Amino acid sequence: MRVLIAEDDERISGPLRVTLESAGFVVDTETDGEIAWYRGDTESFDTIILDLGLPTLDGLTVLKRWRAAGRTSPVLVLTARGRWEEKVEAIEAGADDYVVKPFRMEEVVARVRAIVRRANGLASSRIGFAGYVFDARQMQVTRDGVPVELTPLEFRLLAQLLHQRGKVISQLELTEHLYRQDADRDPNSIEQLVGRLRRRLGADVIQTRRGFGYVVPAEGQAS
Ligand code: CA
């Protein structure tokens with residue numbers, strides 16, 4: 001799950017990044033409105049956390065431009081206390097949720113998780129699949145209550161596939177959602193990760209659509 005934080009105050013973006021990363025998210029940060037707009041316009045994020053008071057291009061304008069161009073990445077707006085008009089305007093412009101500063105980091109993480117769930121049509125942070133239970137909050141996978149040992153990358157890959165269950169996701173898209181922009185990205189590593197997950201969870205849990213990508217079949221979907 002990949003998150004962009006567009007916030008010029010590093011006292012906010014720094015701790016937010018650390019908290020989201022320890023919750024299993026891949027996080028990129030931008031401090032400039034124009035650059036944040038460009039990245040949201042050209043890249044795919046599972047959630048964008050958007051401060052309304054950004055330099056060079058304000059957050060509300062950024063959001064309106066994305067929506068006018070049909071960009072559907074979910075957006076969580078950060079707004080200053082007392083500015084209720086801002087909240088209303090942001091939601092009418094297409095924000096999915098907002099948080100008022102100052103906030104607790106845990107609140108933002110909970111809201112981001114809820115946004116990701118809703119964007120993928122899920123009602124709960126627990127997803128059952130192939131006899132396992134995936135729990136986004138506990139950051140673990142269990143079978144009959146027994147945790148399965150997964151590395152953070154394996155967990156993230158599984159999360160990405162499960163949140164879009166039934167949909168074939170390309171190696172490139174998985175790479176984009178698993179690694180930060182400045183990370184050394186090697187699409188072959190997805191193949192290796194899938195191999196490791198199959199060994200841990202069973203060969204049929206993740207299926208290959210040769211030339212297209214990978215899919216965790218939806219319940220009842222022919223395999
Ligand atoms: Ca600001």
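Asks: Got a sec to walk through the sheet that holds strand E9 (residues 146–148)? Specific residues and values, please.
Replies: The pairing of strands in a sheet happens through backbone hydrogen bonds and is either parallel or antiparallel. With antiparallel pairing, four strands are arranged side by side in an open sheet as E6-E7-E8-E9. This sheet does not close on itself; its edge strands, each paired only once, are strand E6 (126–129) and E9. Neighbour-to-neighbour, the strand axes of the sheet open up by a mean angle of 30°, direction not taken into account. Sheet topology places strand E7 (residues 132–135) next to strand E8 (residues 140–143); three bridges connect them, and they run antiparallel. Paired with valine 133 across the strands is threonine 142, a residue of E8. Packed on one face of the sheet, helix H6 (residues 152–163) meets E6, E7 and E8 and runs near 100° to E7.

Asks: An account of the coordination of the calcium ion is needed here, citing residue identities and associated values.
Replies: Six octahedral donors at a metal ideally form angles of 90 or 180 degrees, and four tetrahedral donors ideally form angles of 109.5 degrees. The coordination sphere of the calcium ion contains the protein donors Asp8 (OD), Asp51 (OD) and Gly53 (O), at a distance range of 2.2 to 2.4 Å. When the donor residues of the calcium ion are listed from N- to C-terminus, their spacing reads D-x42-D-x1-G. With a gap of 45 residues between them, aspartate 8 in the loop between strand E1 (2–6) and helix H1 (10–22) and glycine 53 in the loop between strand E3 (47–51) and helix H3 (59–68) connect regions that are remote in the sequence. Taking the relative accessible area as the measure of exposure, aspartate 8 reaches 35% and is therefore partly exposed. With relative accessibility at 48%, the residue glycine 53 sits in the partly exposed group.

Asks: Describe in detail the domain arrangement of the chain, supporting the description with residues and values.
Replies: Examined at the domain level, the chain breaks down into domain 1 (2–119) and domain 2 (126–215). On a C-alpha basis, the centres of domain 1 and domain 2 stand 25 Å from each other. At the interface, 16 residues of domain 1 touch 13 residues of domain 2. Summing the contributions of domain 1 and of domain 2, the shared interface buries around 1200 Å²; its carbon and sulfur component is 47%. Per-residue buried area on domain 1 facing domain 2 is highest for Arg2, Val26 and Arg113; these three make up 39% of the total on that side. Seen at the junction of domain 1 and domain 2, the total is one salt bridge. A salt bridge links arginine 180 to glutamate 21, with the shortest nitrogen-to-oxygen separation between them at 3.3 Å. Where domain 1 touches domain 2, the interface holds six residue pairs in polar contact (both at pLDDT 80 or more).

Asks: Could you give an account of H1, with specific residues and numbers?
Replies: Taking 1.5 Å of rise per residue, 13 residues should cover 18 Å, and H1 covers 18 Å from first to last C-alpha, within 8% of that figure. For H1, every residue scored as buried is listed here: Ile12, Ser13, Leu16, Arg17 and Leu20. Each buried residue of H1 lies within a common arc of 120° when the element is viewed along its axis, so the set occupies one face. Structural note: H1 exposes Glu10, Arg11, Val18 and Ser22 on the side pointing more than 90 degrees away from its buried face. Elements that come into contact with the buried residues of H1 comprise E1, strand E2 (26–30), E3, strand E5 (97–101) and helix H5 (105–119). Just downstream of H1, glycine 24 is the residue with a positive phi angle, here 95°.

Asks: Provide a residue-level description of the side chain of threonine 142, including the pertinent values.
Replies: Along the chain, threonine 142 falls in strand E8. Filtering out sequence-adjacent residues up to four positions away, threonine 142 remains in contact with Gly131, Tyr132, Val133, Pro147 and Val148.

Asks: An account of the pattern of salt bridges is needed here, citing residue identities and associated values.
Replies: Following the criterion strictly, the structure yields 20 salt bridges and no others. Arginine 39 is the salt-bridge partner of glutamate 43, the closest N and O atoms lying 2.8 Å from each other. Across the salt bridge formed by glutamate 154 and arginine 196, the nearest N and O atoms sit 2.9 Å from each other. Residue glutamate 154 is found in helix H6, and its partner arginine 196 is found in helix H8 (residues 188–201); the two are separated by 42 residues along the sequence. Glutamate 154 sits in the buried class, given a relative accessible area of 0%. Judged by its relative accessible area of 32%, arginine 196 falls in the partly exposed class.

Basis of the calculations
- Residues numbered from 1 in each chain as written.
- Predicted model: local features only at pLDDT ≥ 70, side-chain atom pairs only at ≥ 80, totals over all residues.
- Heavy atoms only, no water.
- Pairing = 2+ DSSP bridges.
- Helix = DSSP H or I, 4+ residues; strand = E, 2+ residues; numbered from the N terminus.
- Axes fitted to C-alpha atoms, helices over the stretch in contact; angles between N-to-C directions.
- Contact = heavy atoms within 4.5 Å.
- Donors = N, O, S within 2.8 Å, 3.2 Å for Na, K, Ca; no water.
- Buried < 20%, exposed > 50% of the residue type's maximum accessible area, 1.4 Å probe, protein only.
- Domains from an automatic or database assignment.
- Buried area = accessible area lost by both parts, 1.4 Å probe.
- Salt bridge = Lys/Arg side-chain N within 4 Å of Asp/Glu carboxyl O.
- Polar contact = N/O pair within 3.5 Å; in protein donor to acceptor, adjacent residues only side chain to side chain.
- Expected span 1.5 Å × (residues − 1).
- Arc of directions from axis to C-beta.

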